[in-house]
Amino acid sequence: MGEVLTYVESDILGDELAPMVKLIEDHGVETVIRAASNNTPEQEADVVVCTTHKSKGLEWDSVQLFSDFFPIDRCDKSELRLIYVACTRAKNLLDIEGARRRSRSCIRRGARQ
């Protein structure tokens, strides 16, 4: 665990692991594993949280995106492809949060604005 703590504290990307490391420090490995093993199967879940990478090939009736991708004008081509993947996961409703100061806008497929 010491190497992970050092990484979290010193590497620029370490902050991505920080919440999980804190969870394990606060509650212990066994508790975290037990909680994770009690997850509801995706087919029965009311809400599914996943990364764009993990969403490839999947679709949901509605999808909510967060501000990770914004502002779009600063995205490179690979990030734009990920935005495309994320947006096309929605069958009926795409909710984009954070595009402008965390304001919300909804886009319904096929609807004209």
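Please read these numbers as outputs of a predicted model, since none were measured by experiment.

A. Inspection of the overall build of the protein chain at higher detail. Along the protein chain, the regular secondary structure elements total five helices and three strands. When its helices and strands are written in sequence order, the protein chain yields α-α-α-α-β-α-β-β. The contacts in the protein chain between residues at least 6 apart in sequence include a share of 42% that link residues at least 24 apart. If you sum the accessible surface of the protein chain, you get close to 9300 Å²; carbon and sulfur atoms cover 52% of it.

B. The arrangement of a nonpolar patch on the surface in detail. A cluster of nonpolar residues, Val4, Tyr7, Ile12, Leu13 and Leu17, forms a patch on the protein surface that exposes about 460 Å² of accessible area. By the element assignment, Val4 lies in helix 1 (residues 2-10). Val4 gets classed as partly exposed once you look at its relative accessible area, which sits at 35%.

C. Just the environment of Lys91, in detail. Positionally, Lys91 belongs in strand 2 (residues 90-97). When its relative accessible area of 40% is taken as the criterion, Lys91 is described as partly exposed. In sequence terms Lys91 and Glu59 are 32 residues apart; their C-alpha atoms lie 6.5 Å from each other.

Scoring rules and cut-offs
Residues numbered from 1 in each chain as written. Predicted model: local features only at pLDDT ≥ 70, side-chain atom pairs only at ≥ 80, totals over all residues. Heavy atoms only, no water. Helix = DSSP H or I, 4+ residues; strand = E, 2+ residues; numbered from the N terminus. Contact = heavy atoms within 4.5 Å. Areas by Shrake-Rupley, 256 points an atom, 1.4 Å probe, with all protein chains shown as cover. Patch = residues over 30% accessible without salt bridge, like charges linked within 9 Å, V, L, I, M, F, W, Y side chains within 5 Å. Salt bridge = Lys/Arg side-chain N within 4 Å of Asp/Glu carboxyl O. Buried < 20%, exposed > 50% of the residue type's maximum accessible area, 1.4 Å probe, protein only.

By themselves, these observations are geometric and do not establish any function.
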